[in-house]
Amino acid sequence: MIPEFFANTATKTIKPIFTLAAIFTTGIASAFPTDGLTAYYPFDGNFANTATGEDAATIDEPANHGASFREDRFGSEKSSIYFNGDSSYLEIPDNDAFSIVTTGALTVSVWVSPEVLTFRNAEQAGYVHWMGKGVPHQHEWVFRMYNKELTSGQENRPNRMSAYAFNLEGGLGAGSYVQEEVSENEWIHFVARYDVASNKITLFKNARQKDQDDLFDATYGVQVQNGTAPLRIGTRSLWSFFQGRIDDLRFYNRALTDAEIEELYREENSPKSSTSTSAETSSSSMASPESHATTGDSSDSGSSNIVNPASSASAAAIRRKTRVEPPTPKNVKHYDLMGRTVPKR
């Protein structure tokens, strides 16, 4: 396991890609996963949740704090949301649709395009929270991105992108990451899949699995809970602010399959473009699973139900929405980057 410690812990759609044999035209919507879709924000000139169907959640509209509309990855005007990196963000009131514990699984799919690679309003450790659900004493999950240019004393993680889950009180969290070269204004399809039943956090970039880690283990003891924090986009803590565009944000109340994530990446999104032809997909190799930890803000314990992902019985109970008590954690082996067993810390 690789713990991450940070100095500020106390304070704190889809590019048209097709096979050569497939062509989609305006008026013909391409297939993408709808089962379990609780919220979908296309940001086409408004902030409405356009998800429909039996799984669609009733969610209050976001409060806009200085964000504006820009062109999306297809060149369509006012079809993505832009954050200025100084103070702009969206805030959506707390809703069960944004919590892992509601069904025991949560998949978040989003397109993100950083305008800069070194953010001027970053956390002390050199990263920005660009989306997340968590305030002191009510932490759940967060997405972050590190600066390319890091100063002395900061971890050497240029433009690392990561997804984490926390206990309500914060502290160490469990997460997965991808650290690859990023370009300014590059559009990236970022998917985080949290699954209690398999006890995994899985991170995908452009339809390729980049990392997978335990959601719960005996070292970090992350037990997913339902907090009361709002969902914020463009920031999480109001200490750091993302500069760039975000588009086509989807929430699912289940763990999408790898094939479904591929479908999302390849979605044509006909309202935003007309006829499209084939394009290449990245064929980067899948990263070896590692375990990582990070820190949230310190706070008191919450009063919500606690779920231990290490237990399949717990997962079944979540889906029945009954209270479960966490079982005693099993012994967990820890490995270094070379795959050698290391003592538990």
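Residues numbered from 1 in each chain as written. Predicted model: local features only at pLDDT ≥ 70, side-chain atom pairs only at ≥ 80, totals over all residues. Heavy atoms only, no water.

A. Seen up close, helix H1 (residues 258-266). For H1, the full list of buried residues reads Glu 260, Ile 261, Glu 262, Leu 264 and Tyr 265. Of the surrounding secondary structure, the elements contacted by the buried residues of H1 are strand E6 (105-114), strand E11 (188-195), strand E12 (200-205), strand E13 (208-214) and strand E16 (243-252). (Buried < 20%, exposed > 50% of the residue type's maximum accessible area, 1.4 Å probe, protein only. Helix = DSSP H or I, 4+ residues; strand = E, 2+ residues; numbered from the N terminus. Contact = heavy atoms within 4.5 Å.)

B. Local environment of the pairing of strand E9 (residues 161-167). For E9, a buried count of seven out of seven residues is recorded, marking the element as mostly surrounded by other parts of the structure. Looking at chain direction, strand E8 (residues 141-146) and E9 are connected through five bridges and run antiparallel. Looking at the pairing, Met 145 lines up with Met 161 of E9. Relative to strand E10 (residues 170-178), E9 runs antiparallel, the two sharing six bridges. In the sheet register, Ser 162 faces E10, and the bridge partner there is Tyr 177. Between E9 and E10, which pair antiparallel and follow one another directly, the connecting turn spans two residues. (Pairing = 2+ DSSP bridges.)

C. A look at the pattern of salt bridges. The final tally for this structure, using the stated rule, is 14 salt bridges. The partner of Arg 193 in a salt bridge is Asp 258, and the shortest N-O contact between them spans 2.9 Å. On the criterion of sequence distance, the pair formed by Arg 193 in strand E11 and Asp 258 in helix H1 is long-range, its members being 65 residues apart. Residue classification places Asp 258 among the partly exposed positions, given a relative accessible area of 41%. Here the salt bridges share partners, and the residues they tie into one network are Asp 35, Arg 254 and Glu 260. (Salt bridge = Lys/Arg side-chain N within 4 Å of Asp/Glu carboxyl O.)

D. Just the nonpolar core, in detail. Formed by 49 residues in total, the largest nonpolar core has its most connected members in Trp 130, Phe 143, Tyr 194, Ile 233, Ile 246 and Phe 251. Here Phe 251 is in contact with Gly 36, Leu 37, Thr 38, Ala 39, Tyr 41, Ala 97, Phe 98, Leu 106, Thr 107, Val 108, Trp 141 and Leu 231, once residues within four sequence places are set aside. (Core = buried A, V, L, I, M, F, W, Y, C linked by side-chain atoms within 4.5 Å.)

E. A look at the pairing of strand E5 (residues 89-92). Examined bridge by bridge, strand E2 (residues 63-65) and E5 share three bridges and lie antiparallel to one another. By the bridge assignment, Asn 64 is partnered in E5 with Leu 90. Here three bridges tie E5 to strand E15 (residues 231-233), and the two strands are oriented antiparallel to one another. If you follow Ile 92 over to E15, its bridge partner there is Leu 231.

F. Spotlight on the confidence of the model for the chain. Of all residues in the chain, 69% attain a pLDDT of 70 or more, and the chain-wide mean is 78. Contacts of residues 1-30 to residues separated by more than four positions or lying in other chains number 119 contacts, the stretch itself having pLDDT below 50. In the model, residues 273-292 has pLDDT below 50 throughout and makes 63 contacts with residues more than four positions away in sequence or in other chains. (pLDDT = per-residue confidence, 0-100.)

G. Representation of unusual backbone geometry in the model. Phi angles above zero are rare outside glycine, and Phe 43 is one such case at about 55°. Position of Phe 43 among the secondary structure elements: in the loop between strand E1 (37-41) and E2. Phi at Asp 248 is positive, roughly 45°, even though this residue is not glycine. The buried category is assigned to Asp 248, whose relative accessible area is 0%.

H. Seen up close, the packing of aromatic side chains. Evaluated as defined, the whole model comprises 14 aromatic pairs. Relative to Phe 43, the ring of Tyr 41 lies with its centre 6.0 Å away and its plane at 20°, an arrangement referred to as stacked. When sorted by exposure, Tyr 41 lands in the same class as Phe 43, which is buried. Measuring from centroid to centroid gives 5.2 Å for Trp 130 and Phe 190, while their planes differ by 80°, and the two rings are edge-to-face. Residue Trp 130 is located in strand E7 (residues 127-133), and its partner Phe 190 is located in strand E11; the two are separated by 60 residues in the primary sequence. Since its relative accessible area comes to 0%, Phe 190 is described here as buried. Connected via pairs of aromatic rings, a cluster forms that spans Phe 98, Phe 119, Trp 130, Trp 141, Phe 143, Phe 190, Phe 242 and Phe 251. A cation over a ring is seen here: Arg 144 above Tyr 127, with NZ or CZ 3.9 Å from the ring centre. (Phe/Tyr/Trp six-rings, centres within 6.5 Å; stacked < 30°, edge-to-face > 60°. Lys NZ or Arg CZ within 6 Å of the ring centre and 35° of its normal.)

I. Quick peek at the environment of Ala 67. By secondary structure assignment, the location of Ala 67 is in the loop between E2 and strand E3 (68-70). Placed 16 residues apart in sequence, Ala 67 and Phe 83 show a C-alpha to C-alpha distance of 5.2 Å. Residues in contact with Ala 67, not counting those within four places in the same chain, are Ile 81, Tyr 82, Phe 83, Ser 88 and Leu 90.

J. View of the environment of Val 196. Structurally, Val 196 can be placed in the loop between E11 and E12. A relative accessible area of 0% places Val 196 in the buried class. Along the backbone, Val 196 and Asp 214 are 18 residues apart, and their C-alpha atoms lie at a distance of 9.5 Å.

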